[in-house]
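# Observations on chain architecture
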Amino acid sequence: MELENANYSTHISQQFNEELEKIRTQMLTMGGIVERQVSDAIEALLNGDVELAEQSRRIDQQTNAMELMIDEQCTTTIARRQPAASDLRLIVSISRAVADLERIGDEATRICKMAIELADSGANQRGFQEVRHIGNLVRDMVKDVLTAFARNDLEMAYRVAKQDKNVDQEYRTAMRSLVTYMMEDARAISNVLNVIWVLRSLERIGDHARNLSEHLIYQVSGTDVRHQSLKQMKQTVQEEAEGSLQDEGNEE
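For the structure given in this document, a descriptive report is provided here.

The rules behind these values
Residues numbered from 1 in each chain as written. Predicted model: local features only at pLDDT ≥ 70, side-chain atom pairs only at ≥ 80, totals over all residues. Heavy atoms only, no water. Helix = DSSP H or I, 4+ residues; strand = E, 2+ residues; numbered from the N terminus. Buried < 20%, exposed > 50% of the residue type's maximum accessible area, 1.4 Å probe, protein only. Contact = heavy atoms within 4.5 Å. Expected span 1.5 Å × (residues − 1). Core = buried A, V, L, I, M, F, W, Y, C linked by side-chain atoms within 4.5 Å.

What follows covers the side chain of D40. With respect to the element layout, D40 can be found in helix α1 (residues 2–47). In this structure D40 comes out as buried when scored by relative accessible area, which is 7%. What D40 contacts, discounting residues up to four positions off in sequence, is L52 and S56.

With that settled, the discussion passes to helix α3 (residues 85–121). If you check α3, its first and last C-alpha atoms are 55 Å apart, about what 37 residues at 1.5 Å a residue would give, namely 54 Å. Of the residues flanking the end of α3, it is G122, one or two places downstream, whose phi is positive at about 65 degrees.

Attention now goes to the nonpolar core. One finds L45, I94, V131, I134, L199, L202 and I205 to be the most contacted residues of the largest nonpolar core, which totals 73 residues. The dominant element in this core, judged by the number of residues it contributes, is α3, at 14 residues. Aside from chain neighbours lying at most four places away, what touches I94 is I23, R24, M27, I70 and C74.

Read these as layout, nothing more, since geometry by itself doesn't imply function.
What follows is the structure, encoded as structure tokens:
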């Protein structure tokens, strides 16, 4: 009887692990779709590619559906399995992560809308240099934070959070430049406002990428670093790294 109970427990544990891995894989799949959506939105705007912008906009429905599906699976797993400790943190962090991914998709959709309006108006490319620069920064942030999730890499997650500060600074600089330009040429106000909305969406994507890095740090370390300074976040990451090294030493 004891052997049968042991086999049963192992079977249940294996099923649970498979459920967790499935949820995690689906989140990363959604992340890959959103990453591509951001990249396509930026390229569509810079190249005046209306077809690519429309294609990217349609993806938003898919990411919305994926968020609902994954979140439902997280809720069901918590109710059925009543996970504790690291398993619970994994589920909670994924649930939070898919919400941020969905919002990144929303911002990419807004960029596509602006791309179509700018292409249709035949506007000059004032502000496009700023869009390209900040777009490359946030595109790398999204890519890197998803890689960090795939590898449970807290150092990479911290670097993503740190990069958000650079994005905010570049955004403020770009805004000052574009506002000055509008004051000098009132005829450009309409088109430049569209570019400003694009930059605002890019800045928000950077914010959501930072949120994703915070979710991963919570998942692995157990410390909720939301609203913490970069210095506090770095300390948490360092403490987790030191703890992991100590555990490895004890195993040897």
